[in-house]
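So you can see what is in the structure, the chains are spelled out below.
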Amino acid sequence: MDAHVLAAASGLGLGLSLIVAIGAQNAFVLRQGLRGEHVLAVVAVCALSDLALIVAGVAGAGAALEAWPPALVLVRVAGALFLGGYAVLAARRALRPGDDAALRTSTAGTGAALPAALATCLALTWLNPHVYLDTVVLLGSIASTHGEERWWFAAGAGAGSVLWFTALGFGARLLRPLFARPAAWRVLDGVIAVVMAALAVSLLLGL
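Rules of the game
- Residue numbers restart at each chain and count upward from 1, following the sequence in its written direction.
- Two thresholds apply to this predicted model, a pLDDT of at least 70 for residue-level local features and 80 or more for giving and counting side-chain atom pairs, whereas whole-chain, interface and lining totals are computed over all residues.
- Heavy atoms from the whole structure form the basis of all side-chain values; hydrogens and water molecules are not counted.
- Strands are runs of DSSP state E lasting at least two residues, helices are runs of H or I lasting at least four, and both sets are numbered from the N terminus onward.
- In this scheme, a residue with accessible area under 20% of its type's maximum is buried, one over 50% is exposed, and one in between is partly exposed, where area comes from a 1.4 Å probe on protein chains only.
- Residues count as neighbours in contact if any of their non-hydrogen atoms are within 4.5 Å of one another.
- All accessible-area figures derive from a Shrake-Rupley calculation using a 1.4 Å probe, and residue coverage is judged against the displayed protein chains alone.
- Orientation is described by lines fitted to C-alpha atoms, with helices fitted over the stretch in contact, and by angles between N-to-C directions that extend from 0 to 180 degrees.
- For classification, angles of less than 35 degrees are called roughly parallel, those exceeding 145 degrees roughly antiparallel, those between 65 and 115 degrees roughly perpendicular, and all remaining angles oblique.
- Each crossing gets its hand from how the near helix is turned against the far one by less than a right angle, where anticlockwise is left-handed and clockwise is right-handed.
- Side-chain classes are defined by residue name, with Ala, Val, Leu, Ile, Met, Phe, Trp, Tyr, Cys and Pro counting as nonpolar, Asp, Glu, Lys and Arg as charged, and the others, Gly among them, as polar.
- Known as pLDDT, the predictor's per-residue confidence is scaled from 0 to 100.
- To estimate the expected span of a helix, count its residues, drop one, and scale the result by 1.5 Å.
- We count a salt bridge whenever a side-chain nitrogen from Lys or Arg sits within 4 Å of a carboxyl oxygen from Asp or Glu.

*Asks:* So, the overall build of the chain: which residues are in play, and what are the values?
*Replies:* Looking only at helices and strands, the chain has nine helices and zero strands in total. Overall, the chain shows an N-to-C arrangement of helices and strands of α-α-α-α-α-α-α-α-α. Across the 207 residues in the chain, those meeting the buried criterion constitute 41%. Within the chain, residue pairs in contact and separated by at least 24 positions form 89% of the contacts whose partners lie at least 6 positions apart. If you sum the accessible surface of the chain, you get close to 10200 Å²; carbon and sulfur atoms cover 72% of it.

*Asks:* Which residues make up the packing of helix 2 (residues 24-35) against helix 6 (residues 114-126), and what values go with them?
*Replies:* Interaxial distance between helix 2 and helix 6 falls to 8 Å at its minimum, and their mutual angle equals 155 degrees. With respect to helix 6, the element helix 2 is oriented roughly antiparallel. The chirality of how helix 2 crosses helix 6 is left-handed. Taking contact as the criterion, the partners of Ala 24, Gln 25, Phe 28 and Gln 32 in helix 2 are, on helix 6, Ala 117, Thr 120, Cys 121, Leu 124 and Thr 125. For the contact of helix 2 with helix 6, the class distribution of residues is five nonpolar, four polar and no charged.

*Asks:* For the confidence of the model for the chain, give the residues involved together with the corresponding values.
*Replies:* For the chain, the mean per-residue pLDDT works out to 81, and 86% of the residues sit at or above 70. When the criterion is pLDDT under 50, residues 103-110 qualifies, and its contacts beyond four places in sequence or with other chains add up to 16 contacts.

*Asks:* I'd like a rundown of helix 2, residues and numbers included.
*Replies:* For helix 2, which comprises 12 residues, the first-to-last C-alpha distance of 17 Å matches the rise-based estimate of 16 Å (1.5 Å per residue) to within 8%. Of all 12 residues that make up helix 2, 11 are buried, and the element is covered over most of its length. Listed in full, the buried residues belonging to helix 2 are Ala 24, Gln 25, Asn 26, Ala 27, Phe 28, Val 29, Arg 31, Gln 32, Gly 33, Leu 34 and Arg 35. Looking at the residues trailing helix 2, positive phi occurs at Gly 36, about 65 degrees.

*Asks:* So, the pattern of salt bridges: which residues are in play, and what are the values?
*Replies:* Pairing between side chains becomes possible if they bear opposite charge and their charged atoms approach one another. Under the counting rule described, the total for this entry stands at three salt bridges. Ionic pairing is found between Glu 37 and Arg 35, a salt bridge with its closest N-O pair at 3.4 Å. Residue Glu 37 shares its accessibility class with Arg 35, and that shared class is buried. Through salt bridges that share partners, Arg 31, Arg 93 and Asp 189 make up one connected network.

*Asks:* Can you break down unusual backbone geometry residue by residue, with the values?
*Replies:* Of note in this structure, His 38 is not a glycine but carries a positive phi near 55 degrees. Here His 38 is to be found in the loop between helix 2 and helix 3 (39-59). His 38 gets classed as partly exposed once you look at its relative accessible area, which sits at 21%.

Right, dumping it as structure tokens:
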């Protein structure tokens, strides 16, 4: 197999293995996709953010982060506070759903304002320390083992991010019949609350 293709395939496999796990960012993209709210913008922000982090990691930012540990401590605290707040909001939706708890297929896209959705998306992405540990440090370190082919490795990892977020955001519509019932939204928000709270606790325990 050509060295370029092998490096790209390795990057694609590692990128998908790191990003497919259930997490705060994926849960938010899924929820936006189900409601049909600013899906393209949210998917674009997530994919472009991942691409920027992948490039930074391959370019050597991971070594810089490891050289200054206080940077990750600050990100952990900020991320824990944000995820904790988001967990509370999700739990509140699960326990006390509003009148629009069911999927509004006829008014999709008229919920949260675009700036608010993008701000939440950016915070869930850039205030998550795991994204730096996985995408910048780990992926960057593995990319360096490919030598001159490391940018092909980065291209494969970037393609994996674009494919995943596109499939998650736009593929969520396939689940819309299920989420036409308020009970399904309560379950989803309950799961999101647990995931967010668990991530927040794990960040603080890691200090």
